[in-house]
Amino acid sequence: MRRALYAFAIVLACVAMMQGAAAAQCTLHSGARVVLYGTSDDPDVFVWDSRFRMRAYARGSFDQARALLPHALLVEAGTRARIVSCVAGFVESKYSDRPDDAIGIVIVNGRYRGRGGWVLQTDVRSMLRHLTR
Amino acid sequence: MFTVFLVIVLAVAVQGAFQTRASIAQTFARQSRIEQAQVTLEELLRLQIDEENSVRGYILNRDLFYLQQYAAAVASFDRKERDVRLALEAEHLNGALTTLDQYATLQRQWRTQVAQPMLARPDRSMEEIDKQNKAFSDYENRTADAIRVALANTNAALALSTQTQINQTLYVRAFWLLVFGLMTILFNAYGSRVSKELEEERTTTEILQRAFRSQHVPLPNCEVGSAYLSASSHLAVGGDVFDVYRLSGNLALVLIADVSGKGVDAAVITAFIKFTIRGIALRRRDPGAMLAEFNTAFAQTVENPYLFVSMFVGVLDTQTLQLRYASAGHDSAFVRRSTGVQQLAVTGPVLGVMEEPFETKTLFLEDGDMLVLATDGLTEARDRSGEQLHEEGAIRLIEQGSMHPQPLADELIARVKELGGNTMRDDLAILAIRVRDPQVSDA
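The numbers attached to residues start from 1 for each chain and follow its sequence in the written order. As a convention, the first chain written is A and the first ligand written is 1, with the rest following in written order. Owing to the predicted nature of the model, reporting of local features is limited to residues with pLDDT of at least 70; listing and counting of side-chain atom pairs is limited to 80 or more, with chain, interface and lining totals taken over all residues. Only hydrogens and water are set aside when side-chain values are computed; all heavy atoms of the structure are taken into account.

(A) Inspection of the state of the cysteines at higher detail. All names here are of chain A. Disulfides are defined in this document as cysteine sulfur pairs within 2.5 Å. Scanning the model with the defined rule gives 1 disulfide over all chains in all. Disulfide pairing is shown between C26 and C86; the S-S distance is 1.8 Å. Here the S-S torsion is close to -90 degrees, and the disulfide linking C26 with C86 is therefore left-handed. Separated by 60 residues along the polypeptide, C26 in the loop between α1 (2-23) and β1 (33-36) and C86 in strand β4 (residues 80-91) bring together distant segments of the chain. Helix numbering and strand numbering both begin at the N terminus, where a helix is a DSSP run of H or I of at least 4 residues and a strand a DSSP run of E of at least 2.

Structure follows, in structure tokens:
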């Protein structure tokens, strides 16, 4: 009886851990080619030199955010990039219930080609494979 | 009591239904206001984008049209912002109001810090201003999202509240339906029981009526008519009684009496009167003595000191047409002769009050004379204006009436009913006996 209880507890713990791991996973992976695009109303994207500053921009007041602007590039919508890293659920905002992933990218075209930085997962669109060739 | 309870229950149910309806209507009105605010908020965001697009358009084309567009969007933005603010204030969404303040402040800052510099120097490189623009845009969108969420949550809460109220209404209706159903079943059961009791009572009353009913028997050389009308419309018995009873071949007992009171209680006394007088009359032939003996028996039998009886007792010899009579306070006794109607004298006090002797009087009737005995329902009959008929009126009715006893009795009843507008104040009994002289008949 006791063994059965232990086994059941271990199974529960494994399930919980798997679910936690699934929740913490990024949907985009390193090496993936993407297009930077914000929203249809405001399509340009900020590329930050640090994911922590990006988080501070999302979390802080407007005045605090403005003070951080020198650390961001404003890239045009449609700029292509390659993903180099991802931190799942890193950016939390007081206006949003769901945390956003921080995506590390390298810009591959446009005036900022070759520059690296961090963008929000919501500012990234995956490219279809045939377009990337 | 039961009916009052039902009425109260019904009133409570109706009031509750109206209250629920008002409450649901109020919730719907609030929901409608919230939905309108949601629409206005989206229009506000569209105007914000219009402002930004107008600035961009001017920078790209230098067309003054875009400046007009910009001015129009600014004016409309302020109006819409006021509308959203009013809706949020009405719903007491203080958190959303604060966010709206932030949003409006950001948009005004954007106008001074981004839009105006861009419009003033459209040819200048504006990388920093573009960044500022993007930051404003990001923050305004976030605050607008927060207001959106607040409105959507409130709307959802109201929808839930409406659903809850509708559910409660259904439960309450089901409850009242159950209450009314039970009430109806109880009421029906109670009604059936009462109906059964009434039926039993009616059967009992019919049996009693048959026992107590006044009656007359045919007498030689006489034509007899009678009529009876009870003041209790559903009963054929009351406090009046008459009786015609043959004591021997020639002698007949003639009786009419009026007991104070009405209904079944009085009818029981009348039965006592009828059978007691018959019993006395079989032993005594003197009407005054009959009344005296009855007076003693009445006082010993009836315990109610407020009950009294007026009575006329006569012994009629149908051969000689001699009528010996005594009247205990009974003044509605008349003889109709060819010369007119004569009221017969009272010969003693009413019965049940005091012990006094009752005088017996003798009267010789002639061929065609009619003895008309009535109770006080005749002389005390009132017309619609309250005027009493009195003895004079009764005499006049008898004089004008039919020559035959039964038609006369029926006429007197009809006239009294007609006088009172079909409303009887007191019981009324009529007994009429028309005598024929056997010698005249033989001749």
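(B) Focus on the layout of surface pockets. Volume-wise, the largest pocket comes out at about 1100 Å³. Here a cavity denotes grid points, spaced 1 Å and computed from the protein atoms alone, that fit a 1.4 Å probe unable to get out, and a pocket denotes an open set having protein on both sides within 12 Å along at least 5 of 7 lines; residues with an atom within 4 Å of a point are the lining. Forming the boundary of the largest pocket are 41 residues, of which A:D100, A:L120, A:T122, B:R142 and B:D145 lie nearest the centre. Secondary-structure elements contributing two or more residues to the lining of the largest pocket are β2 (45-48), α2 (51-59), β4, β5 (100-107) and β6 (116-120) of chain A together with α1 (2-61) and α4 (127-212) of chain B. The element contributing the most residues to the lining of the largest pocket is α4(B), with 7 residues. When the residues that make up the lining of the largest pocket are grouped by side-chain class, the tally is 16 nonpolar, 11 polar and 14 charged. Grid points are joined across faces, edges and corners, and a volume is the space filled by probe spheres set on the points. When residues are sorted by character, Ala, Val, Leu, Ile, Met, Phe, Trp, Tyr, Cys and Pro go into the nonpolar class, Asp, Glu, Lys and Arg into the charged class, and all the rest, Gly among them, into the polar class.

(C) Fine view of the interface of chain A and chain B. With 20 residues of chain A in contact, the opposing surface of chain B contributes 19 residues. The junction of chain A with chain B conceals about 1900 Å² of combined surface from both sides, 52% of it contributed by carbon and sulfur atoms. We count a salt bridge whenever a side-chain nitrogen from Lys or Arg sits within 4 Å of a carboxyl oxygen from Asp or Glu. Our count for the chain A to chain B interface comes out at 1 salt bridge. A:D42 is the partner of B:K134 in a salt bridge, and the nearest nitrogen-oxygen pair spans 3.4 Å. What qualifies as a polar contact is a pair of N or O atoms within 3.5 Å, subject to a donor-acceptor requirement within protein and to the restriction that residues adjacent in sequence count only when both atoms come from side chains. Scanning the region where chain A abuts chain B turns up 12 residue pairs in polar contact (both at pLDDT 80 or more). Taken together, the residues of the side of chain A that touches chain B sort by class into 13 nonpolar, 2 polar and 5 charged. Whether two residues touch is decided by their heavy atoms; if any such pair falls within 4.5 Å, the residues are in contact. Note: buried area is the sum, over both parts, of the accessible area (probe 1.4 Å) each one loses when the two are combined.

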